[in-house]
Amino acid sequence: MLAGLVAAKDAATAAALGGLVADPVVCDAVLKAMAALPTEATSDAIIAAYATLPAATKPAAIATLVARPAWTHALLDAIAAGRVTRDDLSAITVGRHAA
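Rules used throughout
- Residues numbered from 1 in each chain as written.
- Predicted model: local features only at pLDDT ≥ 70, side-chain atom pairs only at ≥ 80, totals over all residues.
- Heavy atoms only, no water.
- Phe/Tyr/Trp six-rings, centres within 6.5 Å; stacked < 30°, edge-to-face > 60°.
- Lys NZ or Arg CZ within 6 Å of the ring centre and 35° of its normal.
- Axes fitted to C-alpha atoms, helices over the stretch in contact; angles between N-to-C directions.
- Helix = DSSP H or I, 4+ residues; strand = E, 2+ residues; numbered from the N terminus.
- Parallel < 35°, antiparallel > 145°, perpendicular 65-115°, else oblique.
- Contact = heavy atoms within 4.5 Å.
- Nonpolar A, V, L, I, M, F, W, Y, C, P; charged D, E, K, R; others polar.
- Buried < 20%, exposed > 50% of the residue type's maximum accessible area, 1.4 Å probe, protein only.
- Lys, Arg positive; Asp, Glu negative; His and termini not counted.
- Salt bridge = Lys/Arg side-chain N within 4 Å of Asp/Glu carboxyl O.

**Notes on the packing of aromatic side chains**
If you walk through the whole model with that rule in mind, you get zero aromatic pairs. Its end group placed over the ring of W71, R68 keeps NZ or CZ at 5.3 Å from the ring centre.

**Digging into the packing of helix α5 (residues 58-65) against helix α6 (residues 69-80)**
For any two helices packed against each other, one specifies the inter-axial angle together with the distance between the axes. One way to put it is that α5 packs onto α6 with a least axis distance of 7 Å and a crossing angle of 125°. Comparing the axis directions of α5 and α6 gives the class oblique. Listed contacts from α6 to I62, T64 and L65 of α5 are W71, T72 and L75. Classifying every residue of the contact of α5 with α6 by side-chain character gives four nonpolar, two polar and no charged.

**Notes on helix α4 (residues 41-49)**
Taken together, the buried positions of α4 are T42, S43, A45, I46, I47 and A49. On the buried face of α4, the contacting elements are α2 (11-20), α3 (27-36), α5 and α6.

**Focus: the side chain of K58**
Take K58: it is sitting in helix α5. Notably, K58 is buried but unbridged: the nearest opposite-charge side chain belongs to D88, and the N-O separation is 4.4 Å. Discounting residues that sit within four places of it in the chain, K58 has contacts with Y50, A51, L53 and D88.

This is the structure in structure tokens:
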């Protein structure tokens, strides 16, 4: 069902997903869907929920945030503000974006 909503690329779907990213039951699927629906609010929603995400889900959140340059800038701002810890970035993630 989520795949069908994502395929429609509807703005309302993107907004609804932002509200679900903090739900530990569906957050993995929601993060994947959010990456496919690039909106300006995506990074804000992920960063707002980041502290409450299960530890196992945080790498997927980081991967989603580094998927687009604007989201990467939002992630860097969140790190500078202390909302996301630098320790959550893997060496692979940092190396991929250092160039």
